[in-house]
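Here is what each chain is made of, one letter per residue.
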Amino acid sequence: MAFPVGSETTLNELTRQMGHCGIRRLMVLSGDAEWAGERAAHLRQLLPGDWLWAGPQPLWQPSCLPAAMTGLLGREFRHGVFDARCGLHAEALAALAGTLTAGSWLVLLAPAWDAWPTTIDQDSRRWNEGAHPIATPHFIRHLQQSLLASAETLIVHQHRAAPALTAVSRPRWQAPTGKPTARQQQLVEELVSAGPGNWIVTAARGRGKSTLAGMFTASMPGRCRVTAPSRAAAQVLLDYGDCPPPFFAPDALLAEWASLPTVDWLIIDEAAAIPMPVLRRLTALCPRVLMTTTVQGYEGTGRGFVLKFCPTLDRPHFRVLDQPLRWAQDDPLEQWLISALWFDDRPTLAEADADSGQHPEERSESTAKASIPMESAVNASLSRESNAEPERISTSESVSESVYDFGSEYLESAEHRIRCWPQDYLQCHPLRMKALYQLLTAAHYRTSPLDLRRLMDAAGMHFMAAVDSGRLLAALWLVDEGGLPPGLAHEIWAGRRRPPGNLVAQSLAAHGDEWQAPVLRSRRISRIAVTPGQRRRGIGLELVQQAVAAAGDRDFLSVSFGYTDSLWRFWRSAGFELVRIGTHLEASSGCYNAMALLPISQRGRELTLRAAARFVRDWSEKKHPMETVAEDDWRCLAGFAFAHRPADVCLPALRRLLGASGLPLPLLRQWAAQGPLMPSASFQAKPAGRKAWLAEMRQEAAEAMWLLDRETCLQWQAWSAPGGYVTSSAAGDGVIFS
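Computed from a prediction, not measured in an experiment: that's the story for all the values here. All residue numbers refer to positions counted from 1 along the written sequence of the respective chain. Where totals are concerned, whole chains, interfaces and linings use all residues; where local detail is concerned, this predicted model gives features only for residues with pLDDT of at least 70, and gives and counts side-chain atom pairs only at 80 or more. Processing note: side-chain calculations cover all non-hydrogen atoms of the structure and skip hydrogens and water entirely.

### As for the confidence of the model for the chain
In regions of low pLDDT, the predicted coordinates are not meant to be interpreted in detail. Under the convention used in this document: The predictor's confidence in any single residue is recorded as pLDDT, a number from 0 to 100. By definition in these notes, contact holds between two residues if any of their heavy atoms fall within 4.5 Å.
Looking at the chain, the pLDDT average stands at 84 and 83% of residues meet or exceed 70. Residue range residues 1–6 is modelled with pLDDT below 50. Its contacts to residues more than four positions away, or to other chains, number 18 contacts.

This is the structure in structure tokens:
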């Protein structure tokens, strides 16, 4: 069947012109699912290319699920199809665009145009705090407006007249010849003569950073070693030159480095896609390290690489590549993505600071090294000995203020004011919405296009802003949590259920033994940011205070953050109590995850006092646990022995059980001595497989509880069963839910 846009000869000619001009374009096929699939298949037959399919239920190969698209970054394809008929994974769409070469079409399969805003979006399961997928009218209408505003985007409707195809009016593009550009040559010469240190080259997709690394390694044969998230991710680097350097996967390189010959340089390609704890170990291997990466929020640790990892480096040197090489300047597809997903295309790392030895954003205390002196945090929780005014710490990193000006016509005063910006209000004021999103993107290491979708359409979102004469000075983003039925909260505590959403509320139950936390109504601070010029003026604390005042009938505020001393000082000064610190370093921040609560209601105060006291006790007994089982340990122990609670979250209670029991309990004792780890070869008695190992551990705990106090053991065993919180005589913190 002929493709319904002009003649096929014209479409072929247009595609050839795109290649000559070095551009890529977007084509939208909007209509019934079957029709869109058939048109895409016809395009594949008409235009030669790889035609990578991104989406579920692919019609051909090669294909990739949206969640795995970032694994293809660094590779190149000619033409691609993104299937958005059932849902639009914004990060995957951006990642697919980043893999396409000059002369490519990105074909977007979409529902019928008029029905699209009200179509249920399955991708909303990832980011909406609800049990069911939702329609996303605000984001889709924003997307449609950006498509209509893009003059070089081709929109094909099933039941409308075919759009006209117009010739490309652009200068002829000079494709890369394999020789370095002036900028690449400059950087190669700089690297060849460099002394010890960490060199970071960042750029948007298609700027030739991996090729630059290949040029550099070719100029120093035998003196470099390469690693990347995968060999495929480093293929461009490895393909440059006749004698590529040896490649090692990150884990293999860490294991084998000491036995390998000495080299001058370690090259880490796509560095932001490697978990930060691993990256930190890699950079310690070699005196000279070159890292190349893209730091937009849709890939790997994204901005966390810049905001959390780079400030911890010794002797850093930052360089940026601006000019696109894989396609022409002002490429239509790239320009549309910047417009549609509000990507900030300013350089993240300023070259003016490159030789100062200091990251431009290091001046913010919130980017301090990810040390974790927990004793200070616990001592602060035990006693607030200082009566001095708390230090007011900015919670944002160094960001430009100029982009957050949205005009003063809506403001009443030149003096900054705290405003509540409801979600529907932001929909009517897109400049304010964009300013808020860009501030949070620049300041927070985890902000990504997923958050743009959440900002526009997710339920239970609340925003507060400090504004002054048309400028956004600071912003706070809160998310409603809790209000779950007691039966579901009990199942979450037992490890039998983990529905989406309710991040902190569920974690308090699943990891902190506060089973009723998901029943209480809370509000989580998801993001907070202050522009650099407004730091240490108390604006961040004002925002939190106003959030408390606006919380209504909520029981508490919560926050989850990558633990650093400065961030904890800020949250402590705002009135929060530390209630949990994770056991593993986060890939995106390189920090331990921490959770803190600020109580509002009486029930919130009771929960916070219990959780904080349990945290302090468990931490203080980490090295020398008591040899008696505390009264509140029985519920946690029953959750492990008779339900499905993880072993690591029950470790403090299990250690006290081991101290009180005279039984051998070989698996429990060996595991507790090693800490919250998986079973290892050092175990003398180890059943085959993790499930069998865990089942035997649970059995040992049940035996110890039974011999310690049979009646109490039976009560809590009944309480931990499904619905047991209703029928058992065991106490559940004395909380009664009507």
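### So, the sheet that holds strand β5 (residues 105–110)
Put simply, the rule reads: Strand pairing requires that DSSP identify at least two bridges connecting the strands. Helix and strand labels come from DSSP, where a helix needs a run of H or I of at least four residues and a strand needs a run of E of at least two; each type is numbered from the N terminus. Think of each axis as a best-fit line through the C-alpha atoms, taken over the contacting stretch in the case of a helix, with angles from 0 to 180 degrees between the N-to-C directions.
Spatial strand order, β3-β2-β4-β5-β1-β8: 6 strands in an open sheet with parallel pairing. Among the strands making up the open sheet, the edge pair consists of β3 (63–64) and β8 (154–157). As paired elements, strand β1 (residues 25–30) and β5 share 6 bridges and run parallel to each other. For R25, the partnering residue across the bridge sits in β5 and is W105. Along the sheet face, helix α3 (residues 90–99) touches β2 (52–54), β4 (80–83) and β5 and points at about 175° away from the line of β4.

### Thoughts on the pattern of salt bridges
Side chains bearing opposite charge may pair, as long as their charged atoms lie close to each other. The criterion, for reference: For this document, the term salt bridge refers to a Lys or Arg side-chain nitrogen within 4 Å of an Asp or Glu carboxyl oxygen. The cut-offs for exposure are 20% and 50% of the maximum accessible area for each residue type, with area from a 1.4 Å probe on protein chains only; residues under the lower value are buried, those over the upper are exposed, and the others partly exposed.
Within the structure shown, the criterion is met by 35 salt bridges. R635 is paired through a salt bridge with D513; the nearest N and O atoms lie 3.4 Å apart. With a gap of 122 residues between them, R635 in helix α21 (residues 633–642) and D513 in the loop between α17 (503–510) and β18 (521–530) connect regions that are remote in the sequence. On the basis of relative accessibility, which here comes to 3%, the residue R635 falls in the buried class. Between D553 and R521 there is a salt bridge, with its nearest N and O atoms 3.4 Å apart. Of this pair, D553 sits in the loop between α18 (539–549) and β19 (556–562) while R521 sits in strand β18, placing them 32 residues apart in sequence. Linked by salt bridges that have partners in common, E514, R610, R614, R617, D618, E621, D632, D633 and R656 make up one network.

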